[in-house]
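# Architecture at a glance
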Amino acid sequence: MILPIVQYGHKVLRQETSEVGADYQDLKQLITNMWETMYKAEGCGLAAPQIGLSLRIFVVDANELSESYPETAGFTKTFINPEIIERSEEMIPFKEGCLSLPGISEQVMRHKRIRIKYLDENLQPHDDIIEGVCAVCVQHEYDHIEGKLFVDHIGPLKRRILKNKLTNISKGKAGAHYRITIP
Ligand code: NI
């Protein structure tokens, strides 16, 4: 089922999230809905708060970036109850966008390499080292479950320049080509 995507300004994007319990009902359905919603909107990642759920789960499919960034080929993963346990000192820049902030794209600095523990869609545990643009995508989605957005990482001056755009997004006037939920 394709769900509407929560837009900037909605409080669910800033709320604390809960771990997905082992007894969570309809987990498979939730994951399917997240993939369908992400692909319909042509995103490369989606986190539960973006469909209105304060849960620690996100999906990433970075494949479409593989022409420019070969390391993303085949990177399609579900992250349940993830925890980033190591972050490299080295940072890399990347121009990011977000389905909750249509029409905005800004360069953000992210850790080049992370180590992350998580459960996959079959609740199997993983402890992975992820690098490059894959790590960028994962950190962007991880931010969502921590109540953060990529625009939190840009400087105050640039942010002031974006103010009108952000206001328009929160009013649903940013021209998103998918269904949205506004604050
Ligand atoms: Ni996002």
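Up top is the structure these notes are about.
As a starting point, this report considers the structure included with it. (Residues numbered from 1 in each chain as written. Predicted model: local features only at pLDDT ≥ 70, side-chain atom pairs only at ≥ 80, totals over all residues. Heavy atoms only, no water.)

### Description of the nonpolar core
- Grouped together as the largest cluster of nonpolar side chains are 22 residues, with contacts concentrated most on Phe-58, Val-60, Phe-75, Phe-79, Ile-116, Ile-130 and Val-138.
- For this core, the elements supplying multiple residues, two or more each, are β3 (57-61), β4 (76-87), β5 (91-96), β7 (113-119) and α2 (132-145).
- Here this core gets eight residues from one element, more than from any other, and that element is α2.
- Sequence-distant contacts of Phe-75, defined by excluding residues within four places in its chain, comprise Val-60, Asp-61, Ala-62, Asn-63, Ile-130, Cys-134 and Val-138.
- Among the nonpolar cores identified, the runner-up in size contains 18 residues, and Leu-30, Ala-41, Leu-99 and Tyr-178 belong to it. (Core = buried A, V, L, I, M, F, W, Y, C linked by side-chain atoms within 4.5 Å. Buried < 20%, exposed > 50% of the residue type's maximum accessible area, 1.4 Å probe, protein only. Helix = DSSP H or I, 4+ residues; strand = E, 2+ residues; numbered from the N terminus. Contact = heavy atoms within 4.5 Å.)

### Description of the coordination of the nickel ion
- Within the first shell, the nickel ion binds the protein through Cys-98 (SG), His-140 (NE2) and His-144 (NE2), at distances of 2.1 to 2.3 Å.
- All donors of the nickel ion come from a single chain, and their spacing in sequence reads C-x41-H-x3-H. Of this pair, Cys-98 sits in the loop between β5 and β6 (106-111) while His-140 is found in helix α2, placing the two residues 42 residues apart along the sequence. Each member of the pair, Cys-98 together with His-140, is buried. (Donors = N, O, S within 2.8 Å, 3.2 Å for Na, K, Ca; no water.)

### Here's the deal with the pattern of salt bridges
- Scanning the model with the defined rule gives nine salt bridges in all.
- Here Arg-56 ties to Glu-146 by a salt bridge, and the two come within 2.8 Å at their closest N and O atoms. Of this pair, Arg-56 sits in the loop between β2 (45-47) and β3 while Glu-146 sits in the loop between α2 and α3 (156-161), and the two are 90 residues apart along the sequence.
- Taking the relative accessible area as the measure of exposure, Glu-146 reaches 38% and is therefore partly exposed.
- Between Lys-158 and Glu-106 there is a salt bridge whose closest N-O contact spans 3.3 Å. In this pair, Lys-158 is assigned in helix α3 and Glu-106 in strand β6, connecting sequence segments 52 residues apart.
- Taken together, the salt bridges that share partners define one network made up of Arg-14, Asp-152 and Arg-159. (Salt bridge = Lys/Arg side-chain N within 4 Å of Asp/Glu carboxyl O.)

### Things to note about the side chain of Thr-37
- Inspection of the secondary structure assignment puts Thr-37 in helix α1 (residues 27-40).
- Within the local environment of Thr-37, its side chain forms a polar contact with the backbone nitrogen of Leu-3, the two atoms lying 3.0 Å apart.
- Contacts of Thr-37, omitting those with residues within four sequence positions, involve Met-1, Ile-2, Leu-3, Ile-5, Leu-46 and Ile-51. (Polar contact = N/O pair within 3.5 Å; in protein donor to acceptor, adjacent residues only side chain to side chain.)

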